[in-house]
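Breakdown of the fold
If you want the building blocks of each chain, they are given just below.
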Amino acid sequence: MADTEEEKLLMQKVARVMDETRSSNATHIRKLKELSTLRSSSSPLQFFSAFSKALIPLFNFQRRTASVERTVRFVAVFASTRDPNNASDCDTFLEEFLRFLLVAAVAVNKTARFRSCQIISEIIMRLADDAEVSNELWDEVIECMKLRVVDKVPVIRTFAVRALSRFANDSENSDILELFLQALPSEQNAEVRKTIVLSLPPSNATSAAIIDCTLDVSELVRKAAYCVLASKFPLQSLSIKLRTIILQRGLADRSAAVTKECLKLLKDEWLFKCCNGDPVELLKYLDVETYELVGVSVMGALLKAGLVRVQDGQSIRQFIVSTHDTTKGDTGHGSPSIQLMEAEVALYWRTVCRHLQIEAREKGSDAAATMGTEAAVYAAEATDNNDILERVLPATVSDYVELVEAHLIISGPNHRFASRQLLLLGAMLDFSDATNRKVASAFLQELLHRPLEHEVDESGNMVLIGDGINLGGDRDWADAVSRLARKVHAAAGEFEEVVVGVVEELARPCRERTADFMQWMHCLAVTGLLLENAKSFHWVQGKAIEPAELLHSLLLPGAKHVHLDVQRVAIRCLGLFGLLERKPSEELIKQLRFSFVKSPPPISIVACKALVDLGMWHGPHEVDRAMGRELSSQFRDDKMAFSPVNFCETDGNLNIELLDLLYAGIDINDWGKSVDTDENESVQSVLGEGFAKILLLSEHYPSIPASLHPLLLAKLISLYFSNDTKDMQRLKQCLSVFFEHYPSLSANHKAMQKCLSKAFIPVMRSMWPGINGNPGGSPAIVSNMRKRAVQASRIMLQMMQAPLYGKETETEDENGSRELPETMCGSVQSLLECGEEGLAIRIATEVASFHTKKSPAEKSYVSALCRILVLLHFRLSEQEAIKLMRMLLNRVADSVAAEKELVKELKRMAERLTAVDRHPDQELLQDQANLILGRLELDLNLNLDGSMAMPSTPGPHSTRPTRSRRRVRHEETSSDEEISPTSVVPNIPGTLSTRSQRASKTAALTKMTTNRAIRINEDDEGEEGSEVTSQEDSDESDQCTE
């Protein structure tokens, strides 16, 4: 009895100490001494018993308040602190306490598991390296925490990961690191992912996982990833590609906090710690010649943060050394007074000068917009920036030209990147003086006349270096030259006059047919530069070569050249030429159509781009008019389908409209891909992007019949989900953005919904295997095809139900539902075709068109349609459509009678329709039904003699004799309750009678379907897979392929 009283008194003392630690952390040191004194004055067993009993209430407190967290921290500190005077007692207490926590860590109560994992993690993080704990106990702790990493409670997983983080660096516990890397991609909770990222040690295996987390959906995880990269991964330990990926994602992140963390990594760790604050040295670690945009982003961030300062004596002029000094690069071929720049230095000065110019312009504007002292401050800052810029740039235009020529001519391709950066600097120079313009103009003439770079192979053939389209073989180089040319020749028409003169000189051997393919491509590249930058043919007329002469003597002959590279660049120039014409010429359109149909894939892609651009710029009817096709507006509006085109029999010049030709090109599967592997383009991707733009801007193309819009939309949806386009990432990205914004950005929202409603069934028919003549395959192939079709149906449903972005276009009816004004659809009669009601009737008609006996493919197809049908809604204003749908639901239910759950969903839909029917007892007239079906362009023999009520599902008759059994009496329920899967029958004891066999089976089926509904609701995706991709339904694959 005395021992019990003593233990109780000790437990009260421990509890009082713990209770006093809740108020403030400042008391913890004093309370630790008190608790240590109690432990030393008592036996280890007695103290642990009292301590554990006093701690038990903590394991039942779920809320994470500040006071409770202080207590948890105090307990962990006490357990992990080792008193040198009582080391053995401390070690014994720690081991016993850990075993006590391990028991709570596997408890059924989630609060107990949470508190135990929290305390264990705190102890492990605070424990000294020389703590005396047996290896067996550590193994038990590790194994227990590994189990808790997959706990169903996120906070428990968080503390389990935190507890294991200290062991992740140990090579003996490599399984912990593998567990982290395995759990990270599948973890759903952001806080747990953040803890895993913070716990990963630096290694090659973890760097990839951490960098992947820089794309995490959670801002906390992305920020943690940059924090870990800054603290654990030095700059030299990462490859150049990983460095650029980290900076590219971080500096462009949508979250300011993540961008700040990335900038902190860039500034503190990489710039100052690894590069001693030298931005040029930092750029050398990024390979700016390959990753130029990343280098520009880095310099922009550093300049914006004020981390780059131009010191006195630093300028571009230091590379233009006096002729009396010893110089580098003295080869005796040009300018011995020029020091060559490295790529990083050239990019550095280009970005710095651009920043100074922008800052001076902005400060000058601010000074002009303000007054007084503030204006004076802004003006002073603008003056300082202008002074620095003037001091940094070359003193004269002649010095600038010599600098660029030295890099371009003396060094050749080795300093091509630096040469381009210096060319971009030219836009910041002043060319108002005639002498400066004369020097710069002579330099531009040299640039434009500079032949394309090439090399000779083993057979003596010339091989072009570059893309073969742009001047210099590089799009960026051509842009730099054009910017400098427009800066030098800024007067109206002066740029065109200069470039036309160069084209005329280069075109002479081409017109005389004495030029080789390199001369042809050089001439066409300069021509493309002219056509791309000219604003109008008005500035080209009357110059060295007229536009018509340019077309007939250079572009058309180039498109028929024997060399394929010449044809490709000539076709590009033809497309640019057509954009400058007021009306496209017949010869140009004929050549583009011929090249699109008959040329190899690389040329067909360029011709396809040109035809799409011309069709969008001039309009498809103007392009057809150029070919002599003048269709009346009435005939054009009556067109209901695209005309078929046989590419094997046409050369593109026959009586074929442009849209028919392009639409037929989507179905050609042997176009191949572009030789430009960076863009990875194909004819399908170009056409898909073009048709998406046409649909999005359909109000600008009234010549395209509205009846063709559903066909275009259906083709785009099928193209997006096609297995043939899975590698076309550009097309997939373009169409995904189009599907998201098309229904909400469309100026004619209702017309888009009508288009989508008409396209729904054709898309499903074209994608579902075994339907409409579509081939099948193995069960796995059929299953994947069905899944893609289901995804397409969901995408179309989302588009159908997407609202407009502009809130001002919405109206609100008496029930609070939002609708768009009827004028957007043109008339009140067309509301049905534009709304979800029309789509629902189309789907119901499609389902009802199948016979009672259906193949497995037809069963799965009908089931998938019905699952979309039950998700559609009807408006109160469409009373006739509601009545028609109630009647159609009878046929729909008969088509899927074998699927009980789906029948119940249809019954619920019927109940909703009955509830919104203002006159549920009034029948729909035959003329009214025919009118609705006619407006939807549907052909259905509808018998209106039947009832609109959904029939009950008949149960199969049994041949077993009726047995007398005990039954419970149940209250009368409505028909709604009888079909509900959640209805129950209450038992009333003391009442005995016989229950019919039908009632017994009804109760059993209700119980079975209830359990099944629960399982389906737990995993909706599993439901889709089981219903539309089951093994039984895949058995028709052999029949489909025969």
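Residues numbered from 1 in each chain as written. Predicted model: local features only at pLDDT ≥ 70, side-chain atom pairs only at ≥ 80, totals over all residues. Heavy atoms only, no water.

This paragraph deals with the overall build of the chain. Secondary structure assignment for the chain yields 46 helices and four strands. Classification of the 1042 residues of the chain by burial places 49% in the buried group. Once local pairs closer than 6 in sequence are excluded, the contacts in the chain between residues at least 24 apart make up 72%. Accessible surface computed for the chain: about 51400 Å², of which carbon and sulfur atoms make up 51%. (Helix = DSSP H or I, 4+ residues; strand = E, 2+ residues; numbered from the N terminus. Buried < 20%, exposed > 50% of the residue type's maximum accessible area, 1.4 Å probe, protein only. Contact = heavy atoms within 4.5 Å. Areas by Shrake-Rupley, 256 points an atom, 1.4 Å probe, with all protein chains shown as cover.)

Attention now goes to the side chain of Asn774. Its place among the elements puts Asn774 in the loop between α35 (749-767) and α36 (779-801). At 2.8 Å, the side chain of Asn774 and the backbone oxygen of Trp768 are in polar contact. (Polar contact = N/O pair within 3.5 Å; in protein donor to acceptor, adjacent residues only side chain to side chain.)

Now for the nonpolar core. Buried together is how nonpolar side chains tend to be arranged in soluble globular proteins. Of all hydrophobic cores here, the largest spans 302 residues; its most connected members are Phe51 and Phe97. Discounting chain neighbours no more than four positions away, the residues touching Phe97 are Phe48, Phe51, Leu55, Val75, Ala79, Ile119 and Ile123. (Core = buried A, V, L, I, M, F, W, Y, C linked by side-chain atoms within 4.5 Å.)

What follows deals with the pattern of salt bridges. Under the definition given, this model contains 41 salt bridges. Put simply, Arg82 and Asp91 hold a salt bridge, and the shortest N to O gap is 2.9 Å. With relative accessibility at 36%, the residue Arg82 sits in the partly exposed group. Between Glu937 and Lys758 there is a salt bridge, and its shortest N-O distance comes to 3.7 Å. Within this pair, whereas Glu937 is found in the loop between α42 (926-935) and α43 (975-979), its partner Lys758 is found in helix α35, the two being separated by 179 residues in sequence. For Glu937, a relative accessible area of 54% gives the class exposed. Through salt bridges with shared partners, a single network forms among Arg16, Glu20, Arg30, Lys31 and Glu34. (Salt bridge = Lys/Arg side-chain N within 4 Å of Asp/Glu carboxyl O.)

With 21 residues, helix α18 (residues 372-392) ought to run about 30 Å at 1.5 Å a step, and its terminal C-alpha atoms sit 31 Å apart, in line with that. Residues of α18 that are buried include every one of Ala375, Ala382, Asn385, Leu389 and Val392, and no others. For α18, the angular spread of the buried residues around the axis is 120 degrees, confining them to a single face. In this structure, α18 carries Gly372, Thr373 and Glu390 as exposed residues pointing more than 90 degrees from its buried face. Of the surrounding elements, those touching the buried residues of α18 are α17 (343-369). (Expected span 1.5 Å × (residues − 1). Arc of directions from axis to C-beta.)

Let us now look at helix α12 (residues 219-232). When the terminal C-alpha atoms of α12 are compared, their 20 Å separation across 14 residues agrees well with the 20 Å that a helix rising 1.5 Å per residue should span. In this structure, the buried side of α12 is in contact with α10 (190-199), α11 (204-212), α13 (240-251) and α14 (256-275). The opening residue of α12 is Ser218, an N-cap whose side-chain oxygen sits 3.3 Å from the backbone nitrogen of Leu220.

A few words on the packing of aromatic side chains. Counting across every chain of the model gives 23 aromatic pairs. Between the aromatic rings of Phe48 and Phe93, the centroid separation amounts to 6.1 Å while the plane-to-plane angle is 70 degrees, which identifies the pairing as edge-to-face. Placement of Phe48 in helix α3 (residues 44-55) and of Phe93 in helix α5 (residues 87-105) is noted, with a sequence separation of 45 residues between them. A single burial state applies to Phe48 and to Phe93, both of which are buried. Here the aromatic rings of Tyr348 and Trp349 are separated by 5.1 Å at their centres, their planes lie at 75 degrees, and the arrangement is edge-to-face. Ring-pair connections join several aromatic residues into one group, and the members of that group are Phe47, Phe48, Phe51, Phe59, Phe78, Phe93, Phe97 and Phe100. A cation sits over an aromatic face here: Arg39 above Phe93, 5.4 Å from the ring centre. (Phe/Tyr/Trp six-rings, centres within 6.5 Å; stacked < 30°, edge-to-face > 60°. Lys NZ or Arg CZ within 6 Å of the ring centre and 35° of its normal.)

Looking at the secondary structure, you find Arg483 in helix α22 (residues 475-488). Sequence spacing of Arg483 and Gly426 is 57 residues, and the spatial spacing of their C-alpha atoms is 8.4 Å.

On to the packing of helix α24 (residues 517-533) against helix α26 (residues 564-580). For the pair α24 and α26, the least separation of the axes is 9 Å and the interaxial angle reads 20 degrees. Taken together, α24 and α26 sit at an angle that is classed as roughly parallel. For the pair α24 and α26, the sense of crossing is left-handed. Residue-level contacts link Phe517, Trp520, Met521, Leu524, Ala525, Thr527, Gly528, Leu531 and Glu532 of α24 to Asp565, Val566, Val569, Ala570, Arg572, Cys573, Leu576, Phe577 and Leu580 of α26. Classifying every residue of the contact of α24 with α26 gives 13 nonpolar, two polar and three charged. (Axes fitted to C-alpha atoms, helices over the stretch in contact; angles between N-to-C directions. Parallel < 35°, antiparallel > 145°, perpendicular 65-115°, else oblique. Left-handed = near helix turned anticlockwise from the far one by under 90°. Nonpolar A, V, L, I, M, F, W, Y, C, P; charged D, E, K, R; others polar.)

Across the interface, helix α33 (residues 709-720) lies against helix α34 (residues 729-745) with an axial gap of 10 Å and an inter-helix angle of 130 degrees. One way to sum up the angle between α33 and α34 is to call them oblique. The two elements α33 and α34 meet at a crossing, and its hand is left-handed. When α33 is examined against α34, the residues Leu713, Leu716, Ile717, Leu719 and Tyr720 are found in contact with a partner set consisting of Leu731, Lys732, Leu735, Ser736, Phe738, Phe739 and Tyr742. By residue class, the composition of the contact of α33 with α34 is ten nonpolar, one polar and one charged.

With that settled, consider unusual backbone geometry. For Asn276, which is not glycine, the phi dihedral falls at a positive 55 degrees. Its place among the elements puts Asn276 in the loop between α14 and α15 (279-284). According to the relative accessible area criterion, Asn276 is exposed, its value standing at 70%.

The next thing to look at is the environment of Arg420. For Arg420, the location among the structural elements is in helix α20 (residues 416-425). Judged by relative accessible area, Arg420 falls into the buried class, the value being 8%. Residues Arg420 and Ala343 lie 77 residues apart in sequence; the distance between their C-alpha atoms is 9.8 Å. Not counting the four nearest positions on each side in its chain, Arg420 is found in contact with Glu292, Asp474, Asp476, Trp477 and Ala480. Engagement of the side chain of Arg420 in a polar contact is seen with the side chain of Glu292, the distance being 2.7 Å.

With that out of the way, let us pick up the confidence of the model for the chain. As a general rule, the predicted coordinates of low-pLDDT regions are not to be interpreted in detail. Of the residues in the chain, 83% reach a pLDDT of 70 or more, and the chain-wide mean stands at 83. The low-confidence segment residues 673-678, where pLDDT is below 50, has seven contacts with residues more than four positions distant or belonging to other chains. Throughout residues 807-829 the model reports pLDDT below 50, and contacts reaching past four residues in sequence, or to other chains, amount to 35 contacts. (pLDDT = per-residue confidence, 0-100.)

Moving on to a positive patch on the surface. Together, Arg354, Arg361, Arg483, Arg486, Lys487 and Lys535 give the surface a local cluster of positive charge. If you list the elements that add at least two residues to the positive patch, you get α17 and α22. When residues in the positive patch are grouped by element, the largest group, three residues, is from α22. (Patch = residues over 30% accessible without salt bridge, like charges linked within 9 Å, V, L, I, M, F, W, Y side chains within 5 Å. Lys, Arg positive; Asp, Glu negative; His and termini not counted. Charge placed at Lys NZ, Arg CZ, Asp CG, Glu CD.)

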